[in-house]
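The lines below spell out each chain.
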Amino acid sequence: MAGGRHPIDHKDHRLRKDFSRSTLVRLLGDWAPVPAPDVRQDFAQRLSQWVGVADAITLHAAHQATGRAPARRPVAAPAATARHLHALLQRVRTDLAAAVSAKAAMPAPNPRDRHAPPVPEPADETDAGFTPHRQRYLELQRQMALRVEALRGQVRHALSQASPALAQLAAFDAVLEQMLGAREQGLMGTVPLVLERRFEALRAAGSTDEPAAGRQPGGWLHRFEQDLQATLLAELEQRLQPVTGLIEALDNQLETQG
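Just so it is clear, the model here is predicted, and its values are computed rather than measured.

Visitor: Help me understand the overall build of the protein chain in this model?
Guide: Scanning the protein chain from terminus to terminus reveals 11 helices and zero strands. Shown N-terminal to C-terminal, the secondary structure of the protein chain runs as helices and strands in the order α-α-α-α-α-α-α-α-α-α-α. Burial statistics for the protein chain: of 258 residues in total, 38% are counted as buried. Surface summary for the protein chain: the accessible area is close to 14,300 Å², and the carbon and sulfur share equals 54%.

Visitor: Whenever I open this one, the nonpolar core confuses me. Can you help?
Guide: Note that soluble globular proteins tend to have their nonpolar side chains buried in a common cluster. Counting residues in each nonpolar core, the largest one holds 43 residues, and the members touching the most others are L85, L151, V155, L159 and L195. Considering each element in turn, this core owes the most residues, 13 residues, to helix α11 (residues 220-257). Beyond its immediate stretch of four places on either side in the chain, V155 contacts L85, V243, L246 and I247.

Visitor: Quick question: what am I supposed to make of the packing of aromatic side chains here?
Guide: To describe a pair of aromatic rings, one takes the distance between the centres and the angle between the planes. One pass over the structure, following the stated rule, counts four aromatic pairs. With a centroid separation of 6.0 Å and 70° between ring planes, the pair formed by F130 and F224 is classed as edge-to-face. In this pair, F130 sits in the loop between α6 (123-127) and α7 (131-160) while F224 sits in helix α11, placing the two residues 94 residues apart along the sequence. Assigned by exposure class, F130 and F224 land together as buried. The structure contains a cluster of three or more aromatic residues connected by ring pairs, namely F130, F199, W220 and F224.

Visitor: Quick question: what am I supposed to make of helix α9 (residues 191-205) here?
Guide: Residue pairs three or four apart in sequence face the same way in an α-helix, which turns once every 3.6 residues. Its 15 residues place the ends of α9 21 Å apart at the C-alpha level, agreeing with the 21 Å of an ideal helix rising 1.5 Å per residue. Of all the residues in α9, the buried ones are V191, P192, V194, L195, R198, F199 and L202. Looking straight down α9, one finds that the buried residues subtend no more than 155° of arc, so they occupy a single side. Check the buried side of α9 and you find it contacts α2 (23-31), α7, α8 (164-188) and α11.

Visitor: Just checking my understanding: could you explain the side chain of Q253 for this structure?
Guide: Inspection of the secondary structure assignment puts Q253 in helix α11. Looking at Q253, the relative accessible area reads 4%, which means it is buried.

Visitor: For this particular structure, what's the right way to read the packing of helix α5 (residues 78-101) against α11?
Guide: Contact geometry for α5 and α11: axes closest at 10 Å, N-to-C directions at 180°. Put simply, α5 runs roughly antiparallel to α11. For the pair α5 and α11, the contacting residues are P78, A79, T81, A82, L85, H86, L89, R93, L96, A97, V100 and S101 in the first and Q229, L232, L233, L236, E237, L240, V243, T244, I247, L250, D251 and L254 in the second. Across the contact of α5 with α11, the residue classes tally to 16 nonpolar, five polar and three charged.

Visitor: Can you walk me through the pattern of salt bridges in this structure?
Guide: As a working rule, side chains carrying opposite charge can pair if their charged atoms are close by. Counted by the stated rule, this structure contains 10 salt bridges. A salt bridge links R147 to D95; its shortest N-O distance comes to 3.3 Å. Here D95 lies in helix α5 and R147 lies in helix α7, a separation of 52 residues in the sequence. We classify D95 as partly exposed; its relative accessible area is 36%. A salt bridge links D173 to R152; the nearest nitrogen and oxygen atoms lie 2.8 Å apart. On the criterion of sequence distance, the pair formed by D173 in helix α8 and R152 in helix α7 is long-range, its members being 21 residues apart. The exposure class assigned to D173 is buried, which follows from its relative accessible area of 0%.

Visitor: So what exactly am I meant to see when it comes to the packing of α7 against α8 here?
Guide: The packing of two helices is summarised by the inter-axis angle and the distance between the axes. Close contact between α7 and α8 brings their axes to 8 Å; oriented N to C, the two are set at 165°. One way to sum up the angle between α7 and α8 is to call them roughly antiparallel. For the crossing formed where α7 meets α8, the hand is left-handed. Between α7 and α8, the residues in contact are Q141, E149, R152, R156, L159 and S160 and L166, A167, L169, A170, D173, A174, L176, E177 and M188, respectively. Its residues placed into classes, the contact of α7 with α8 shows eight nonpolar, two polar and five charged.

About the thresholds
Throughout this description, residue numbers start from 1 for each chain and increase along the sequence as written. In view of the model being predicted, local features appear only for residues whose pLDDT reaches at least 70, and side-chain atom pairs are presented and counted only at 80 or more, with totals across whole chains, interfaces and linings using the full set of residues. To obtain the side-chain values, all non-hydrogen atoms of the structure were used and water was disregarded. Strands here are runs of E lasting at least two residues and helices are runs of H or I lasting at least four, both read from the DSSP assignment and numbered beginning at the N terminus. Relative accessible area decides the class of each residue, using a 1.4 Å probe on protein chains only: under 20% of the type maximum gives buried, over 50% gives exposed, and in between gives partly exposed. Surface accessibility in these figures is a Shrake-Rupley result with a 1.4 Å probe; residues are shielded only by whichever protein chains are displayed. In these notes, a set of buried Ala, Val, Leu, Ile, Met, Phe, Trp, Tyr and Cys residues joined through side-chain atoms within 4.5 Å is what counts as a nonpolar core. Any two residues whose heavy atoms approach within 4.5 Å at even a single point are treated as in contact. Working definition: a ring pair exists when centres of Phe, Tyr or Trp rings (six-membered ring for Trp) sit within 6.5 Å. Plane angles under 30 degrees give stacked, over 60 give edge-to-face, the rest tilted. Multiplying 1.5 Å by the helix residue count minus one yields the expected span of that helix. Think of the arc as the fan of directions from the helix axis to the C-beta atoms. With axes taken as lines fitted to C-alpha atoms, and helix axes fitted only over the stretch in contact, angles between N-to-C directions fall between 0 and 180 degrees. If an angle is under 35 degrees, it is roughly parallel; if it is over 145, roughly antiparallel; if it lies from 65 to 115, roughly perpendicular; otherwise it is oblique. Any residue that is not Ala, Val, Leu, Ile, Met, Phe, Trp, Tyr, Cys, Pro, Asp, Glu, Lys or Arg is counted as polar, Gly included; the first ten are nonpolar and the last four charged. The salt bridge definition used is simple: a Lys or Arg side-chain nitrogen within 4 Å of an Asp or Glu carboxyl oxygen. When the near helix sits turned anticlockwise from the far one by under a right angle, the crossing is termed left-handed; a clockwise turn instead gives a right-handed crossing.

Below you can see the structure in the form of structure tokens.
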């Protein structure tokens, strides 16, 4: 593609660069029970080393194959495609962020309803330990994985119709997703373990407080709930990075053509 970086090279650059500066990596590193810089480096290295020697050979072969793919005439207007994809991305991000921010507790009772059932004591949440938080995190992870996977497929299909170069990028991304998906799932599965350690550390630090005080702003449980939400939002952005990279490649092509 004249006048700029090839879309596949652009995506490979983002893949390496964004892992090391990820908000998710920073949060997990800050909460791990060893010096934070070491943990951040270890986690970032694990992310960047998703592509091993055998996988690199597969990627190289996929890159070469897509480079030899026959040119096809675009069947979609790139500008209209870009607007549509940005709207899809924003909708998924907004929906999932709303799910993350939704209060897990029961809604407040209506004071006009004389027969409303009693609301459970808040202490139950504390007594249950980390279990309800783990369940909530895993369910939200499941929702994120499903929505982002579907979105990524939609974006790839749209790019495959936009231009020959973007069709190559879409094919390359399909290889990446298939090759790295299981590793991503394994790494994301470790996030609740770090959060559990964070929960136990905060609870131990606030063990002398009254149970109700822990739920107040500044209390240990309130702090943990904020950390949980921040981690989920950071994970959401991490999962959306490949989709964002695909759409940026389309934006870059439009800028070059303009």
